[in-house]
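Notes for the structure review
One letter stands for each residue in the lines below.
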Amino acid sequence: MNSKRGFTLIELLIAIVIVGVLAAVAIPAYGNYLVEARRADAKQELAKLTNIMENCRSMNQTYVNCLGTTGNALQDLNGALSDDVRSYYAAQANTAIDANAYTLALITRGSQTRDNAACEVLGINSNGLRFSVAAGATSINVLDPDPGRCWR
């Protein structure tokens, strides 16, 4: 008997379709996972910087120069960020540091801009208010400071 071994064209096409469907589902899910992981890194970084600010204030009676000595809040915050977070976030324009209060805000950049629009800016202030807003927002809604549920 002459038996041939191998795959038929139909079997090969079915295997290719199955791999294609799995890839179509897995690749976007992995991209979303990366965005959420980077957001978690940014939140952790903001929490770390809040601890630095509070420790500095307890020792120096001021928040000024707690993150750096340039006197520019944006530059100081950008300089204090870890390299991993700095790759996907930058200090946002409403970052402010003065003697008695601070607001630290990070805005998405690079591939992180695919994040939920309400999570484009993550921030925290000296009162412990954690907020998230869209990049073009001009103010924070204190009744719902985290509309995108980005801090949860």
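See the structure above.
Here we summarise the structure given alongside this text. (Residues numbered from 1 in each chain as written. Predicted model: local features only at pLDDT ≥ 70, side-chain atom pairs only at ≥ 80, totals over all residues. Heavy atoms only, no water.)

**Comments concerning the pairing of strand 5 (residues 130–133)**
As paired strands, strand 4 (residues 121–125) and strand 5 are joined by four bridges and run antiparallel to one another. Within strand 5, the residue paired with Gly123 across the bridge is Phe131. In this antiparallel pair of consecutive strands, strand 4 and strand 5, the connection spans four residues, and Gly128 shows a positive phi of 85 degrees. (Pairing = 2+ DSSP bridges. Helix = DSSP H or I, 4+ residues; strand = E, 2+ residues; numbered from the N terminus.)

**A word on the state of the cysteines**
Per the counting criterion, the structure on display carries two disulfides. Cys56 shares a disulfide with Cys66; S-S distance 2.1 Å. When the S-S torsion is -85 degrees, as for the bridge of Cys56 with Cys66, the disulfide is left-handed. Taken as a pair, Cys56 in helix 1 (residues 9–60) and Cys66 in the loop between helix 1 and helix 2 (73–80) lie far apart in primary sequence, 10 residues in all. Look at Cys56 and you get buried, because its relative accessible area is 12%. On the accessibility criterion, Cys66 (12% relative accessible area) is buried. The disulfide partner of Cys119 is Cys150, and the S-S distance across this bridge is 1.7 Å. The chirality of the disulfide connecting Cys119 with Cys150 is left-handed, given an S-S dihedral of about -85 degrees. Highlighted residues: Cys119 in the loop between strand 3 (102–108) and strand 4 and Cys150 in the segment after strand 5, separated in sequence by 31 residues. This pair shows no difference in class: Cys119 is buried, exactly as Cys150 is. Numbered in order of appearance, the disulfide-bonded cysteines of the chain are paired 1-2, 3-4. (Disulfide = S-S within 2.5 Å. Buried < 20%, exposed > 50% of the residue type's maximum accessible area, 1.4 Å probe, protein only.)

**Points about a nonpolar patch on the surface**
Together, Leu9, Leu12, Leu13 and Ile16 make up an exposed nonpolar region whose accessible area comes to about 400 Å². Mapped onto the fold, Ile16 is located in helix 1. (Patch = residues over 30% accessible without salt bridge, like charges linked within 9 Å, V, L, I, M, F, W, Y side chains within 5 Å. Areas by Shrake-Rupley, 256 points an atom, 1.4 Å probe, with all protein chains shown as cover. Salt bridge = Lys/Arg side-chain N within 4 Å of Asp/Glu carboxyl O.)

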